[in-house]
Amino acid sequence: MRTRVCFVVWFVICALVAPVAAQQADALRKAQSSFDQAQIDYLAGKYDEAAKGFQEAYGARQFPQFLYNIGACFHMKGKRDSNVDSYAQAVEYYRKYIEADPNATDKAKVEKAIGVLTDEIKRLKEAAQAKPAGQPAPPAAPSAEVQSLGDAKPRSLVVVESEPQGATVYLDDKKNGSIGTTPWSGSIEGTHKVIIEKRGYMQSESEVTGEPNKLFVLRAVLGKQDFLGWVQVTSNVPGAVVFIDDKSVGAVAKTPHSQNIKPGKHTLWVTAEGYDETVFEVDIAPGETKELRANLKGEPVGRINVLGFGIEDAKIYLDGKLACDRGPCMKTLPQGEHTLRVERGGMKSFERKVAIQARAETTVKVTLVSKPGRGDAVVAFIMAGAFGAGGAYLGREANKLRDELRQQIDRGDPPVDSRDDRFQKGKIYAIAADATFVIAGITAVTAIYYTFRDKGPPSSGLIDVRSFALSPQVGPGYAGLGMGVSF
Amino acid sequence: MRTLRLRLIALGAAAPLFAAGGCKWTDFDDLEADTWVTSVEKPDNPAASWGVAIARLTRDGSGGTLAVLGATDSLYNDLVIDSKGGTKITTELELNPQFAIGNLATEPLLLTSPASDEVALVSALEVSRSLVIRSSGGQLTGVPVIGPQQPSAATYMVSPPHAADPEARLQVLVAQNDAVFPAYFDQTKALMPPPKCTLRDEQIPPQMITIRALGAYRPPGVAGLPPPAFDDVLVLSESGKLMAYPGSVFNGCMGGMVSPKMGFAKDIGLSGVQGSSQILVFTDPTGTYALVQAHTDGIKGRLGLYRITDTGFEEVGAARDIDRLRTAALFQPSANVQQRYVLAGLPTADVRDVASGLVQVIELSTTTGVAAEPTLTLADAQPEDTQVFGRSVAALPYNNGKNIIAVAADNEIFLYFRTNLYDETREAR
């Protein structure tokens with residue numbers, strides 16, 4: 001458990017021998033000290049002192065978050081006292097904050113606060129003019145709009161600096177793309193790995209845990225590494241995945257991407273969903289920089305995603321070939337019609353044609369139905385067998401009587417008379433045998449039908465088609481939008 | 001699971017094959033048409049025990065006709081058999097309403113005329129009176145016989161002329177106990193009062209006899225004289241004597257009684273019961289023969305063949321004991337007179353352990369007598385208990401000179417159009 005402090009300074013020495021920029025460190029130390037005191041004053045309700053502290057911190061290091069915190073202190077003072085001047089100062093610092101960080105993620109929220117406070121100032125001024133002269137102004141409660149903004153709280157801050165500055169900063173994995181370059185400041189929630197890389201310097205990796213109301217400063221002193229090369233990959237499609245040397249290990253980064261690389265021959269693949277693949281064969285010398293630009297062309301491919309209850313025990317075939325030994329199964333397929341078949345032991349197979357659209361994901365949620373029992377077929381077969389046996393017995397009896405009569409008629413001792421009841425009996429046996437055979441045949445055909453008929457509802461699949469969610473990720477700074485980092 | 005499914009499929013496929021190899025029921029129609037015997041069932045009428053007696057009616061022509069009696073609610077039928085074996089009842093006459101004779105006897109006396117297309121039924125009628133019902137051409141005619149109330153034997157015979165009728169005529173002689181009574185077919189020429197002749201045996205003093213069977217034969221001429229124009233009478237007594245009496249007994253006798261002709265009384269050891277013992281007479285180039293069928297009320301029965309000579313009776317061969325014998329008829333399957341058989345009906349004999357009855361076809365030889373073993377045995381192929389197959393038998397002339405065998409069973413007549421003794425007698429077969 002970390003002790004509660006206003007400033008936490010964490011220095012990481014990444015190089016074996018690295019020079020320290022004493023001047024910058026002093027400024028940052030001063031900013032941290034002022035930030036810590038300002039946080040204490042804010043919590044004690046000393047908004048003027050807190051604002052002063054954040055102003056001193058800003059004076060030491062110009063992090064836009066300090067401007068926001070100053071505005072927040074004046075916001076809270078104005079709200080507590082219905083003080084027009086405090087509100088005006090809050091508005092001023094909020095505006096400075098937006099000017100300093102025009103891409104701030106909370107820009108809209110801050111702008112709303114500016115609007116509300118501006119209206120509140122106006123309202124308070126009008127109320128002061130409307131009161132009778134000579135009488136003290138009655139205490140004014142914040143308007144409902146101000147109340148709806150809630151309390152304005154100073155924010156924590158993570159600062160990443162490097163020596164030298166201008167290094168690329170990654171969060172957790174280079175595949176996620178860079179979040180900016182040093183010096184970088186912003187908010188980070190939870191524990192993350194911060195990767196700092198600069199051409200000609202060794203890469204630095206550090207773990208950072210963002211905590212509320214704290215200023216966390218990560219300074220990496222990067223060791224020089226002149227023997228490495230540098231590769232810089234960009235593409236016309238932002239967020240294209242980059243593979244280096246071995247595709248089987250997966251993508252190493254997303255464009256735009258740059259990193260140190262060992263001198264020598266390398267192969268780089270750049271591709272994106274719905275686009276073709278560009279392959280670069282490069283030979284990098286120590287200290288050399290290779291700028292690679294992948295011009296990806298859209299390819300009519302889409303993706304199929306097979307899901308469903310019990311899919312983990314099913315085999316998925318696409319166009320007759322085993323695509324996944326077990327589900328769920330996601331595959332990229334050329335645009336067009338494909339045959340999907342899902343098989344699972346004891347369940348009815350699901351098969352249907354699926355139209356794959358380019359740059360769209362077709363999700364098939366499969367519901368497999370148990371194969372029905374064949375008890376009725378077994379019963380029918382047994383009945384067919386019984387009828388067949390009965391027919392055989394009756395037929396045998398008929399034939400026996402026929403042969404006996406034929407023999408006695410031929411022998412004539414005793415002569416058989418025309419009204420011998422064996423004629424009638426034999427005829428009845430024969431007709432009954434034939435009828436029984438027919439019934440046996442019909443029953444057998446029925447049994448065969450029962451054996452192969454598809455009883456009960458078939459396995460089914462629900463299809464949902466959606467376009468790929470390709471985030472724009474455009475911008476020269478490439479501030480890490482959509483990377484799961486919140487400011 | 002796959003193996004099971006394959007087995008099930010194989011079984012399913014086999015079923016239609018079974019069906020494809022099914023039975024042809026028309027085979028039985030074909031077989032039925034191939035049978036040698038036609039069975040005719042009792043027509044729809046109240047008579048019971050139909051077929052209690054049968055007799056040949058017509059002697060020639062295309063097809064044949066059989067007279068059939070039903071016992072209870074006495075019924076008379078002409079069963080006409082066409083040349084192709086088809087059968088039809090053409091005459092159906094209830095005797096009781098017409099002749100008031102009540103029910104027939106268990107073994108009725110139904111005689112076949114030896115010289116005409118006629119049969120005669122001899123039945124009790126009322127006190128001291130019997131009735132001979134003649135059937136010819138679908139018509140029944142009753143001839144009263146004065147005297148016998150319970151006739152025990154009867155025979156067709158050519159009766160001698162008498163004072164009222166100078167011609168010898170084929171008529172019926174009826175016996176009861178020890179006496180014989182004539183049935184004058186032409187009542188206008190009957191002797192009045194009705195004659196009666198009591199027959200005595202040869203013993204001195206003559207003893208009473210009980211007549212069990214009657215027969216008639218034409219005696220040869222004596223000392224170069226032509227044979228007489230009428231028949232003499234053969235009698236089987238209850239005591240087992242075969243005797244011959246002069247034909248004049250038909251018209252009565254001097255003193256009311258008569259003894260047998262000299263030398264014509266032979267104890268043959270055959271004794272019969274009332275009604276169904278028979279004396280069957282035939283003649284061939286070697287002489288005249290009497291086949292005597294006798295039986296007791298029980299199991300025992302016997303057949304004996306006797307040549308009738310100028311001086312008496314000669315036994316031909318040994319008499320044959322045949323258990324359960326009840327009736328007999330002479331049968332010649334062809335025109336060959338040397339091939340002669342007797343149809344012996346054994347209506348209570350066992351067939352395959354069923355007391356359904358049978359008929360033995362036994363060869364007769366004028367030199368060796370009655371054969372020891374039957375040449376052919378006829379029985380129902382599906383014997384039933386109490387079927388009484390063979391309770392009456394007849395040799396039926398059929399299709400111009402051929403002969404077939406007719407056998408009566410209870411409510412059923414079997415017509416043997418073909419046997420191992422003779423080939424197919426039906427046309428277009």
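Computed from a prediction, not measured in an experiment: that's the story for all the values here. Here the residue numbering is sequential within each chain, running from 1 through the sequence in written order. Labels are handed out in written order, letters beginning with A for the chains and numbers beginning with 1 for the ligands. Residues qualify for local features only when their pLDDT is at least 70, as the model is predicted, and side-chain atom pairs are given and counted only at 80 or more; totals for whole chains, interfaces and linings, by contrast, use all residues.

Asks: Can you tell me about the overall build of chain A, naming the residues and giving the values?
Replies: Elements are defined by DSSP. Helices are runs of H or I of four residues or more, strands are runs of E of two residues or more, and each kind is numbered from the N terminus. Counting its secondary structure elements, chain A contains eight helices and 23 strands. Taking all 487 residues of chain A together, the buried fraction comes to 37%. Across chain A, every contact between residues at least 6 apart in sequence was considered, and the portion connecting residues at least 24 apart equals 64%. As a rule, residues whose C-beta atom has 12 or fewer other C-beta atoms within 10 Å are exposed, those with 20 or more are buried, and those in between are partly exposed; C-beta atoms are placed from the backbone. Throughout, a residue-residue contact means that the two C-beta atoms, derived from backbone geometry, are no farther apart than 7 Å.

Asks: I'd love a proper account of the overall build of chain B, names of residues and values included.
Replies: Along its length, chain B carries three helices and 30 strands. The buried share of chain B, reckoned over its 429 residues, is 50%.

Asks: An account of unusual backbone geometry is requested, with residue identities and associated values reported.
Replies: Here the bond from A:E163 into A:P164 is cis, since omega is 0°, no more than 30 degrees from zero. Turning to its location among the elements, A:P164 is positioned in the loop between β2 (157-163) and β3 (168-171). Of note in this structure, A:D319 is not a glycine but carries a positive phi near 55°. With respect to the helices and strands, A:D319 occurs in the loop between β17 (315-318) and β18 (321-324). The phi dihedral of B:D353 falls on the positive side, at around 70°, and the residue is not glycine. In this fold, B:D353 is placed in the loop between β24 (340-346) and β25 (358-365). By the C-beta count within 10 Å, which is 8 here, B:D353 ends up exposed.

Asks: A description of the pairing of strand β3 (residues 64-72) of chain B should follow, citing residues and the corresponding values.
Replies: In summary, the side chains of a regular strand alternate between the two faces of the sheet. For β3(B), the buried fraction is high: seven of the nine residues fall into the buried class. Between β3(B) and the antiparallel strand that follows it, strand β4 (residues 75-81) of chain B, lie two residues; B:D73 among them carries a positive phi value of about 50°. Strand pairing is assigned whenever DSSP detects at least two bridges linking the two strands.

Asks: I'd like a description of the packing of helix α8 (residues 421-452) of chain A against helix α2 (residues 26-34) of chain B, backed by residues and values.
Replies: The interhelical angle for the contact between α8(A) and α2(B), taken along N-to-C directions, is 165°, at an axis separation of 8 Å. If you check the angle between α8(A) and α2(B), you find them roughly antiparallel. When the axes of α8(A) and α2(B) are compared, the crossing they make is right-handed. Residues A:F423, A:G426, A:K427 and A:A430 of α8(A) form the contact with α2(B), whose own contacting residues are B:F28, B:L31 and B:E32. Its residues placed into classes, the contact of α8(A) with α2(B) shows four nonpolar, one polar and two charged. All axes here are fitted lines through C-alpha atoms, helices being fitted over the stretch that makes contact, and every angle between N-to-C directions spans 0 to 180 degrees. Put simply, angles under 35 degrees are roughly parallel, angles over 145 are roughly antiparallel, angles from 65 to 115 are roughly perpendicular, and the rest are oblique. By definition, any crossing whose near helix is turned counterclockwise from its far helix by less than a right angle is left-handed, and any crossing with a clockwise turn is right-handed. Residues were grouped as follows: Ala, Val, Leu, Ile, Met, Phe, Trp, Tyr, Cys and Pro as nonpolar; Asp, Glu, Lys and Arg as charged; and all remaining residues, including Gly, as polar.

Asks: Explain the environment of B:M262 residue by residue, including any values.
Replies: Relative to the elements of secondary structure, B:M262 occurs in the loop between β17 (257-258) and β18 (265-267). Measuring from C-alpha to C-alpha, the distance between B:M262 and B:Y245 comes to 9.0 Å, with 17 residues separating the pair along the chain.

Asks: Account for helix α5 (residues 107-130) of chain A, naming residues and giving values.
Replies: Residue and element names in this part refer to chain A. To estimate how far a helix should reach, multiply one less than its number of residues by 1.5 Å. Over its 24 residues, α5 extends 35 Å from the first C-alpha to the last, a length consistent with the 34 Å expected when each residue adds 1.5 Å. Listed in full, the buried residues belonging to α5 are A113, V116, L117 and E120. On its buried face, α5 sits against α3 (64-81), α4 (84-100) and α6 (144-149).

Asks: Can you break down the sheet that holds strand β23 (residues 460-467) of chain A residue by residue, with the values?
Replies: Residue and element names in this part refer to chain A. The strand order β19-β16-β22-β23 describes an open sheet built from four strands, whose pairing is mixed. On the outer flanks of this sheet lie β19 (329-334) and β23, each paired with one strand and no other. Neighbour-to-neighbour, the strand axes of the sheet open up by a mean angle of 20°, direction not taken into account. As judged from the six bridges shared by strand β16 (residues 301-308) and strand β22 (residues 360-367), these two strands associate in the parallel manner. Across the sheet, residue G308 finds its bridge partner in β22, namely V366.

Asks: Which residues make up α4(A), and what values go with them?
Replies: Between its first and last C-alpha atoms α4(A) spans 24 Å; for 17 residues at 1.5 Å apiece the expected length is 24 Å, and the two agree. Here α4(A) has its buried residues at A:S86, A:Y87, A:Q89, A:A90, A:V91, A:Y93, A:Y94, A:Y97 and A:I98.

Asks: Would you mind going over the packing of α3(A) against α4(A) in detail, with residue names and values included?
Replies: For any two helices packed against each other, the geometry comes down to the angle between their axes and how far apart the axes lie. Residue and element names in this part refer to chain A. For the pair α3 and α4, the least separation of the axes is 7 Å and the interaxial angle reads 160°. By the angle between their directions, the pair α3 and α4 is classed as roughly antiparallel. Crossing hand, α3 versus α4: left-handed. Here P64, L67, Y68, I70, G71, F74, H75, K77, G78 and D81 of α3 come into contact with α4, specifically with S86, Y87, Q89, A90, Y93, Y94, K96, Y97 and A100. For the contact of α3 with α4, a count of residues per class yields eleven nonpolar, five polar and three charged.

Asks: Break down the sheet that holds strand β14 (residues 211-217) of chain B for me, with residues and values.
Replies: All names here are of chain B. Taking strand neighbours across the sheet as the criterion, the four strands line up as β14-β15-β16-β18 in an open arrangement whose pairing is antiparallel. This sheet does not close on itself; its edge strands, each paired only once, are β14 and β18. Here the strands of the sheet are splayed against their neighbours by 20° on average, with no regard to which way each runs. Direction of pairing for strand β16 (residues 241-245) relative to β18: antiparallel, over a ladder of three bridges. Along β18, the bridge assignment pairs L242 with K266.

Asks: Let's hear about the interface of chain A and chain B: which residues, and what values?
Replies: Facing the 42 residues of chain A at the interface are 34 residues of chain B. Its residues placed into classes, the side of chain A that touches chain B shows 21 nonpolar, eleven polar and ten charged.

Asks: I'd like a rundown of the pairing of β16(B), residues and numbers included.
Replies: Residues and elements named next belong to chain B. Of all the five residues making up β16, five are buried; the element is thus mostly covered by neighbouring parts of the structure. Side chains K241, M243 and Y245 of β16 all project onto a buried face; the interleaved residues L242 and A244 project onto the opposite face, where all are buried too. Judged from the four bridges that link them, strand β15 (residues 232-237) and β16 form a sheet pairing that is antiparallel. Looking across to β16, one finds that V235 is bridged to M243. The antiparallel hairpin formed by β15 and β16 contains three residues in its connecting segment, where G240 sits at a positive phi of about 95°.

Asks: Mind laying out the confidence of the model for chain B, listing which residues take part and the relevant values?
Replies: Low pLDDT marks stretches whose predicted atomic positions should not be read closely. Residue and element names in this part refer to chain B. Confidence of the prediction at every residue is given by pLDDT, a number between 0 and 100. Residues with a pLDDT of 70 or more make up 94% of chain B, whose mean pLDDT is 89. Mean pLDDT per element in chain B: helix α1 (residues 2-20) is the minimum at 55, and strand β12 (residues 179-183) is the maximum at 97. Across the interfaces of the predicted complex, the ipTM metric reaches 0.73, alongside a pTM of 0.58.

Asks: How would you explain the confidence of the model for chain A if you had to name every residue and give the values?
Replies: Residues and elements named next belong to chain A. Model confidence for chain A is summarised by a mean pLDDT of 82, while 89% of its residues fall at 70 or above. Within chain A, the lowest mean pLDDT, 35, falls on strand β1 (residues 7-13), and the highest, 94, falls on β17. Between residues 1-20, whose pLDDT stays under 50, and residues either more than four places distant or in other chains, the model counts 43 contacts. This model gives residues 469-487 a pLDDT under 50, and the stretch forms 40 contacts once residues within four places in sequence are excluded.

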